[in-house]
Amino acid sequence: MRIRTFDDYQQAYQQSVEDPEAFWAGVAQEFQWRKPWTKTLQWNFTEPNIKWFVGGKLNITENCLDRHLAERGDQPAIIWEPNDPHEAGVTLTYRMLHDQVCRMANVLKRNGVGKGDRVCVYMPMVPELAIAVLACARIGAIHSVVFGGFSAQSIADRINDAQCRLVITADGAYRGNKEIPLKSVVDDALIGCPSVEKVIVMTRTRTPVAMLKGRDVWMEQELKQVTADCPAEEMDAEDVLFILYTSGSTGKPKGVVHTCGGYMVYAAYTFENVFQYEPGQVHFCTADIGWITGHSYIVYGPLACGATSLLFEGVPTYPDAGRFWDIVDKHQVNILYTAPTAIRSLMGFGLDKVENHDLSSLKVLGSVGEPINAEAWHWYDDHIGKNRCPIVDTWWQTETGGMLISPIAGVTKTKPTYATLPLPGVQPMLVDENGKEIEGNGVSGNLCMKFPWPGILRTTWGDHERCRQTYFSTYPGLYFTGDGCLRDEDGYYRITGRVDDVLNVSGHRIGTAEVENAINMHTGVVESAVVGYPHDIKGQGIYAYVIADAMPADHDADLTKRDILATVSRVIGPIAKPDKIQFVSGLPKTRSGKIMRRILRKIAEGDTSNLGDTTTLLDPAVVDEIKAGAV
Ligand code: WT7
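Residues numbered from 1 in each chain as written. Predicted model: local features only at pLDDT ≥ 70, side-chain atom pairs only at ≥ 80, totals over all residues. Heavy atoms only, no water.

## Details of the overall build of the protein
What the protein contains, in helices and strands, is 19 helices and 30 strands. Each principal axis of the C-alpha atoms in the protein carries an extent, and together these give about 75 × 60 × 55 Å. Within the protein, the proportion of its 631 residues that are buried is 61%. If you take every contact in the protein between residues at least 6 apart in sequence, the share linking residues at least 24 apart comes to 71%. Surface accessibility of the protein: about 23,600 Å² in total, with carbon and sulfur atoms responsible for 49%. Placing the 61 positive and 77 negative side-chain charges of the protein at their respective mean positions leaves the two points 3 Å apart. (Helix = DSSP H or I, 4+ residues; strand = E, 2+ residues; numbered from the N terminus. Buried < 20%, exposed > 50% of the residue type's maximum accessible area, 1.4 Å probe, protein only. Contact = heavy atoms within 4.5 Å. Areas by Shrake-Rupley, 256 points an atom, 1.4 Å probe, with all protein chains shown as cover. Lys, Arg positive; Asp, Glu negative; His and termini not counted. Charge placed at Lys NZ, Arg CZ, Asp CG, Glu CD.)

Quick look at the structure:
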């Protein structure tokens, strides 16, 4: 199933379209199943109802761990690089990881967790995070990892939505020169979470924490009470593996649901092929396991392929902006997978941060999370890959489970800023506003998929109708990605960005409505409108137009802005803080009360020359006021 040449790719692609079931059955049979499936695919995009490998039984951890013990038990599975480069790291071989996952799984069982129970994981980027995730999978519990940058309120919303029974956390986290009091944030969250019975606390920063009798237990003490004997739970291919919350254009974040069989097959297949992984290579994905990139390409994809996955606790700029290159050099990294925002930020520190490191181990460079601009692409290519490493610009989403449109390293001819071609099994389609297919090349439109792949989301937790509405109703019969896309004369795809009210700030996905709701929770705020604007490093910045109770005078305005930022931090988390706030006396609304975001976006971009038709506005004068006060 391994693609080596462009011919292989074309053949695989053709088969995957002509006979998708045979194609994916071929891929899936390379894994270890307790019981084979009876039907490879059952689907419709109307309900939607999507099932892969129907009736198949497996446990993903047997594929990620047990399966490798005989052949590569002593090979590193996880290399952990701590935040502080002077602290000793950890290398876990497959045998050690297997042992630790089994122990942690027994700790979960001891604390009342069983198959189907939901477990919230709020952890630093330490090996125990990967171990916790795999321990859940081992016993059939459903993990919901929450990124360490989210607020107590956000954790509580996610815990309550999924009715989690247990939380796994740490006393604190190190991130650069900051220390984040994770347990204390969890304590705040749990005031409003009656479903949570137990909290397992790992020690990392050894910051003082409250430990409540009957609820909170220390991970280290629990681990002493168990053995490493934990047979894997037999799971149906379509049993839920995890929930991961992600933002959309309306309402609160949705719990995207992925299942055991299809997700495993898809994460592993794309990992191995896109990066052209070779046994023994070291793969360094810089994402956090709190996002889908970390789930698929730090934990499940690499481990399912028996790879060595590097897990980094810190940030790219600590102790200085050479840290990534330092890690590449130290661990002889072969594949580096990072985000354009990181590349742009490191570019700003100049080449002397790069030049004193040996980067000759690098073979493949990956990019993910947002469109990569030409300048960043070339810098990555010239100065990191030294023009000898293919760059794979991988386009995908939380909902897709794995990459959908991407070059295959060294196989697909790359083109800066292009995600290039669909991977085998992926059938993209561009449509216009009316849902009419836009055929041919040299065109652009809204990006949809007309056929399922094994990693597609199955539902949104507890609300299937919302899943249907969000992804399958805009263009009936199609999965709608929310992205705009161009297909050039060569048939190459270039993702141009979201066409809905979803922002991409430093690769973090944030809904404008979510930020507005948070701003509106501030006492002095009447109404707000949030839009994105181009930002040199973050990709997009957040611009908030705010109507206050009383228009604050200069000094008060600054104080109020700070309070608004604190409010957003408290409600969502620091990642959602607006970069710019402008107080306005009104918002440009149509007679039917709809905010004309198009105008607000233009002003935020600093382009006020051509605001288009404003005659349908209730009060066109408000536009001049906003233009004059733009920040
Ligand atoms: C959105 C999904 C994919 C894992 C990380 C983000 C944007 C993602 C690319 C890319 C252009 C990209 C899209 C997509 N996006 N990768 N290579 N080129 N845009 O997952 O948080 O679910 O966000 O990120 O707009 O819809 P996510």
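Alright, that's what it looks like, and here's the rest.
## Digging into the packing of aromatic side chains
On inspection of all chains with the given rule, the structure shows 38 aromatic pairs. Residues Trp-52 and Phe-53 carry aromatic rings whose centres are separated by 5.7 Å and whose planes lie at 45° to one another, so their mutual orientation is tilted. Residue classification places Trp-52 among the buried positions, given a relative accessible area of 0%. Residue Phe-53 is classed as buried on the basis of its relative accessible area, which comes to 0%. Their ring planes at 85° and their centres at 5.0 Å tell us that Phe-242 and Tyr-263 sit as a pair that is edge-to-face. With a gap of 21 residues between them, Phe-242 in strand β14 (residues 240-246) and Tyr-263 in helix α9 (residues 260-274) connect regions that are remote in the sequence. Comparing Phe-242 with Tyr-263, the two get one shared label, buried. Feature note: the residues Phe-23, Trp-24, Trp-33, Trp-37, Trp-52, Phe-53, Tyr-266 and Tyr-269 constitute an aromatic cluster, connected by ring pairs. (Phe/Tyr/Trp six-rings, centres within 6.5 Å; stacked < 30°, edge-to-face > 60°.)

## Quick word on the nonpolar core
Counting residues in each nonpolar core, the largest one holds 173 residues, and the members touching the most others are Leu-97, Phe-275 and Tyr-300. Of the residues that make up this core, three or more belong to each of domain 1 (60-66 + 88-233) and domain 2 (508-629). If you look at the next biggest cluster of nonpolar residues, it comprises 28 residues, including Trp-325, Leu-359, Leu-362 and Ile-384. (Core = buried A, V, L, I, M, F, W, Y, C linked by side-chain atoms within 4.5 Å. Domains from an automatic or database assignment.)

## Here's the deal with unusual backbone geometry
Across the junction of Glu-47 and Pro-48, the peptide omega takes the value -15°, indicating a cis bond. Structurally, Pro-48 can be placed in the loop between β1 (39-44) and β2 (49-54). A cis amide bond links Tyr-318 to the next residue, Pro-319, at an omega of -5°. Within the secondary structure, Pro-319 is located in the loop between β17 (308-312) and α11 (323-331). Look at Thr-417: it is not a glycine, yet its phi comes out positive at around 75°. With respect to the secondary-structure elements, Thr-417 resides in the loop between β20 (391-394) and β21 (428-431).

## Thoughts on the domain arrangement of the protein
When cut into domains, the protein gives domain 1 (60-66 + 88-233) and domain 2 (508-629). Listed per partner, the contact involves 7 residues of domain 1 and 7 residues of domain 2. Taken together, domain 1 and domain 2 are joined by 0 salt bridges. Here domain 1 is connected to domain 2 by 5 residue pairs in polar contact (both at pLDDT 80 or more). Looking at side-chain class alone, the side of domain 1 that touches domain 2 contains 2 nonpolar, 4 polar and 1 charged residues. (Salt bridge = Lys/Arg side-chain N within 4 Å of Asp/Glu carboxyl O. Polar contact = N/O pair within 3.5 Å; in protein donor to acceptor, adjacent residues only side chain to side chain. Nonpolar A, V, L, I, M, F, W, Y, C, P; charged D, E, K, R; others polar.)

## Describing the pattern of salt bridges
Considering all chains together, one arrives at 36 salt bridges under this definition. Note that Glu-87 is salt-bridged to Arg-204, the shortest N-O span being 2.9 Å. One end of the pair, Glu-87, is in the loop between β4 (76-81) and β5 (90-93); the other, Arg-204, is in the loop between β11 (198-202) and β12 (216-218), and 117 residues separate them in sequence. Taking relative accessible area as the criterion, Glu-87 reaches 28% and is therefore assigned partly exposed. Accessibility expressed as a relative area gives 14% for Arg-204, which makes it buried.

## Description of helix α2 (residues 20-28)
Across the 9 residues of α2, 7 count as buried, placing the element largely inside the fold. For α2, the complete set of buried residues consists of Pro-20, Phe-23, Trp-24, Ala-25, Gly-26, Val-27 and Ala-28. On its buried face, α2 is in contact with α1 (6-18), β1, β2 and α9.

## Quick word on the pairing of strand β26 (residues 502-505)
Residues Val-502 and Asn-504 of β26 are buried on one face, and the alternating residues Leu-503 and Val-505, pointing to the opposite face, are buried as well. By the bridge criterion, 4 bridges tie β26 to strand β27 (residues 508-511) in an arrangement that is antiparallel. Bridge pairing in β27 places Leu-503 opposite Ile-510. Counting the residues that bridge the hairpin from β26 to β27 gives 2 residues, and of these Ser-506 lies at a positive phi of roughly 50°. (Pairing = 2+ DSSP bridges.)

## A few points about helix α4 (residues 94-110)
Taking 1.5 Å per residue as the helical rise, α4 with its 17 residues ought to reach 24 Å, and the 24 Å between its terminal C-alpha atoms agrees with that figure. Following α4 by one or two positions, Gly-112 has its phi on the positive side, about 85°. (Expected span 1.5 Å × (residues − 1).)

## What about the site of the ligand?
Taken together, the neighbourhood of the ligand is formed by 17 residues, with Asp-393, Thr-394, Thr-398, Asp-483 and Arg-509 sitting nearest. Here Asp-393 contributes a side-chain N or O atom positioned 2.7 Å from a nitrogen atom of the ligand. A distance of 2.8 Å separates an oxygen atom of the ligand from a polar atom in the side chain of Arg-498. Considered on its own, the ligand offers 550 Å² of accessible surface; in the complex 95% of this is hidden by protein. Elements that contribute at least two residues to the shell around the ligand include exactly α10 (292-304), β20 and β25 (493-498). (Near = heavy atom within 4 Å.)

## Looking at the side chain of Thr-308
By secondary structure assignment, the location of Thr-308 is in strand β17. Beyond its immediate sequence surroundings of up to four residues, Thr-308 is in contact with Gln-75, Pro-76, Ala-77, Ile-79, Tyr-277, Gln-281, Val-282 and His-283.

## Some thoughts on the UniProt feature "domain: AMP-dependent synthetase/ligase" (unreviewed entry) in the protein
Here the UniProt feature "domain: AMP-dependent synthetase/ligase" (unreviewed entry) sits at residues 66-452. As annotated, residues 66-452 comprises 32% helix and 22% strand, and the C-alpha atoms at either end are separated by 30 Å. (UniProt positions renumbered as here; feature names shortened; annotations may be inferred.)

## Things to note about the packing of helix α3 (residues 60-72) against α10
The interhelical angle for the contact between α3 and α10, taken along N-to-C directions, is 55°, at an axis separation of 8 Å. On the basis of their axis angle, the class for α3 and α10 is oblique. Judged by the twist between their axes, the crossing of α3 over α10 is left-handed. Between α3 and α10, the contacting residues are Ile-60, Asn-63, Cys-64, Arg-67 and His-68 on the first element and Tyr-300, Leu-303 and Ala-304 on the second. Of the residues belonging to the contact of α3 with α10, the class tally is 5 nonpolar, 2 polar and 1 charged. (Axes fitted to C-alpha atoms, helices over the stretch in contact; angles between N-to-C directions. Parallel < 35°, antiparallel > 145°, perpendicular 65-115°, else oblique. Left-handed = near helix turned anticlockwise from the far one by under 90°.)

## Here we look at the environment of Lys-450
Along the chain, Lys-450 falls in the loop between β22 (443-449) and β23 (459-460). Apart from residues no more than four positions distant in its own chain, Lys-450 is found in contact with Trp-43, Phe-45, Gln-427, Pro-428, Met-429, Glu-437 and Leu-478.

## Considerations on the pairing of strand β7 (residues 142-145)
Along β7, one buried face is formed by Ile-142 and Ser-144 and the opposite face, lined by His-143 and Val-145, is buried too. In this fold, the crossover linking strand β6 (residues 118-122) to β7 by way of helix α5 (residues 127-139) has right-handed handedness. (Right-handed = clockwise from strand over helix to strand, strands pointing away.)

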